[in-house]
Amino acid sequence: MTRRVPLLSLLGCAILMFNLAIPNADATVNVVVSIAPQKWLVSRVGGEAIDSEILVPAGQDPHTFEPKPRQIARLAKARLYFTVGLPFEERLREKIDDAGIPVRFKNSAAGIVKIPCPEYGHEDGDVHPDQHDGKDDPHVWLSPANLMVMAQNIAQALSEADPANARPYANNLKKLQEELAALDRDIAGRLKAFAGASFYVFHPSFAYFARDYGLRQEAVEIEGKSPSPKQLQHLINEARKNKARVVFSQPQFDPKSAEAVARAIHGRVVPLDPLAYEVAANLNLMADSIAAALSHE
Ligand SMILES: [Zn+2]
């Protein structure tokens, strides 16, 4: 009995004196994220130490995504799963809990002030809740200010899971925050002249971008479906009134309705991908495209 104490304290001393590495199978933090922009954030904050996997396959609509056994098996190997607020994540959590898989769910969007979905409705007062079931708009990542919050959440979770690398994570976070703050100021400057203007999109991914920069997004898609002929006509009339010439399409969705609106207003369809990996560069491009569309060429 008396021997145990000295042995333990000896081990403790050895760890302190030689900074002994304790062999640990979990030395690398396996991370899974829902969508590509989160992977970019994790790579910027985690650097070389972290590699993450994206759950929703490229080109698929994350709103209607249902995780397959293959994806659940991936989660079983992960230590951290960064959610973002998509509808499938809660159902996934139930499956993971039922299966007794010990992966930790971390909400990368925690602390972001959400926009309720019914705000997608048109100005005429008839509100169209979209496919997110009247809950909060999940497209938080299309905003430099929100990305700063997400980066902070990710850095905190990585530091908790891997305290040995807390300092590099903090340094990476600081650098990323500075870049995102600069991007935010830059975009605000470029879009200032268009305050209050409407831009037309197929899928309503851009509510946070619009809120940040004083713009309005008008969506072709209603309740996750292509609009009825009457709804489409209403949108076309609004777009004509606003002298719009561009409809932004999203590659995860059929561009037919966007093309119909563009034809009716003698405009064109311009692609904007809400799920591009390099989300900061994508926001820059988005600002350019929207500025070009709003300056009526
Ligand atoms: Zn969406």
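Keep in mind the model is a prediction, meaning the values are calculated, not measured.

**Q** Sorry, what's going on with the coordination of the zinc ion here?
**A** Ideal geometry at a metal centre: 109.5 degrees between donors when four sit tetrahedrally, and 90 or 180 degrees when six sit octahedrally. Binding of the zinc ion to the protein goes through His63 (NE2), His139 (NE2) and His203 (NE2), at separations of 1.9 to 2.0 Å. Residue His139 is classed as buried on the basis of its relative accessible area of 2%.

**Q** What is the right way to read helix 8 (residues 229-241) from this model?
**A** Residues lying three or four places apart along an α-helix face the same way, a consequence of the helix completing one turn every 3.6 residues. Under the 1.5 Å per step criterion, the end-to-end length of helix 8 is 18 Å for 13 residues, consistent within 8% with the ideal 18 Å. By the burial criterion, the buried members of helix 8 are Leu232, Leu235, Ile236, Glu238 and Ala239. When helix 8 is viewed along its axis, its buried side chains cluster within an angular range of 160° and face the same direction. In this structure, helix 8 carries Pro229, Lys230 and Lys241 as exposed residues pointing more than 90 degrees from its buried face.

**Q** How should helix 2 (residues 36-46) be read in this particular structure?
**A** Among the eleven residues in helix 2, nine count as buried, and that is most of the element. Here helix 2 has its buried residues at Ala36, Pro37, Gln38, Lys39, Trp40, Leu41, Val42, Val45 and Gly46. For helix 2, the elements touching its buried residues are strand 1 (30-33), strand 2 (51-54), strand 3 (80-83), helix 5 (144-161), helix 6 (166-191) and helix 10 (279-294). Looking one or two places after helix 2, you find Gly47, whose phi comes out positive at around 60°.

**Q** Teacher, can you tell me more about the packing of aromatic side chains here?
**A** What describes a pair of aromatic rings is the distance from one ring centre to the other and the angle between the planes of the rings. All chains considered together, the criterion is met by six aromatic pairs. For the ring pair Phe199 and Phe206, a centre distance of 6.3 Å and an interplane angle of 65° mean the geometry is edge-to-face. Across the pair, Phe206 and Phe199 agree in class, each one buried. Ring geometry for Phe199 against Phe248: centres 6.5 Å apart, planes inclined by 75°, an arrangement best described as edge-to-face. Residue Phe199 is found in strand 5 (residues 198-201), and its partner Phe248 is found in strand 7 (residues 246-249); the two are separated by 49 residues along the sequence. For the residue pair Phe199 and Phe248, the accessibility class agrees, reading buried in each case.

**Q** It is not clear to me how the sheet that holds strand 8 (residues 268-271) should be interpreted in this structure. Could you clarify?
**A** Sheet strands associate in pairs through backbone hydrogen bonding, adopting either a parallel or an antiparallel arrangement. With parallel pairing, the four strands of this open sheet are ordered in space as 6-5-7-8. Two strands bound the open sheet, and with one partner strand each, they are strand 6 (216-219) and strand 8. For this sheet, the mean inter-axis angle between neighbouring strands, taken without regard to orientation, is 40°. In this sheet, strand 7 lies alongside strand 5 in parallel orientation, the contact comprising two bridges.

**Q** What am I meant to see in the side chain of Ser249 here?
**A** If you trace the backbone, Ser249 turns up in strand 7. A residue is classified by how much of its surface remains accessible, and Ser249, at 8% relative accessible area, is buried.

**Q** Could you clarify how one ought to interpret the pairing of strand 7 in this entry?
**A** Here strand 7 shows no split at all, with Val246 and Phe248 on one side and Val247 and Ser249 on the other all buried. Where strand 7 and strand 8 come together, four bridges link them in parallel fashion. In the strand pairing of strand 8, Phe248 is matched with Val270. Taken together, strand 7, helix 9 (residues 256-264) and strand 8 form a β-α-β motif whose crossover is right-handed.

**Q** What is the right way to read the pattern of salt bridges from this model?
**A** Where side chains of opposite charge bring their charged atoms close, a pairing between them can arise. According to the stated counting rule, one finds 13 salt bridges in the structure shown. Salt-bridge contacts for Glu238 lead to Lys241; the nearest nitrogen and oxygen are separated by 3.3 Å. With Glu238 and Lys241 both in helix 8 and three residues apart, this pair spans about one turn of that helix. One salt-bridge network, held together by shared partners, links Arg44, Lys175 and Glu179.

**Q** Please explain unusual backbone geometry as it appears in this structure.
**A** Residues other than glycine predominantly adopt negative phi, and peptide bonds predominantly adopt the trans conformation. Phi is positive for Lys243, close to 55°, though the residue is something other than glycine. What makes Lys243 exposed here is its relative accessible area of 55%. Even without a glycine there, the phi angle at His266 is positive, about 55°. Tracing the sequence through the fold places His266 in the loop between helix 9 and strand 8.

**Q** Any chance you could explain the sheet that holds strand 2 here in plain terms?
**A** Read from one edge of the open sheet, four strands run 2-1-3-4, paired in parallel fashion. Two strands close off the open sheet at either side, each with one partner strand: strand 2 and strand 4 (104-107). On average, each strand axis in the sheet is tilted by 30° relative to the strand beside it, whichever way the strands run. Across the sheet, helix 5 is in contact with strand 1, strand 3 and strand 4; its angle to strand 3 comes to roughly 170°.

Reading the values: rules and limits
- Residues numbered from 1 in each chain as written.
- Predicted model: local features only at pLDDT ≥ 70, side-chain atom pairs only at ≥ 80, totals over all residues.
- Heavy atoms only, no water.
- Donors = N, O, S within 2.8 Å, 3.2 Å for Na, K, Ca; no water.
- Buried < 20%, exposed > 50% of the residue type's maximum accessible area, 1.4 Å probe, protein only.
- Helix = DSSP H or I, 4+ residues; strand = E, 2+ residues; numbered from the N terminus.
- Expected span 1.5 Å × (residues − 1).
- Arc of directions from axis to C-beta.
- Contact = heavy atoms within 4.5 Å.
- Phe/Tyr/Trp six-rings, centres within 6.5 Å; stacked < 30°, edge-to-face > 60°.
- Pairing = 2+ DSSP bridges.
- Axes fitted to C-alpha atoms, helices over the stretch in contact; angles between N-to-C directions.
- Right-handed = clockwise from strand over helix to strand, strands pointing away.
- Salt bridge = Lys/Arg side-chain N within 4 Å of Asp/Glu carboxyl O.

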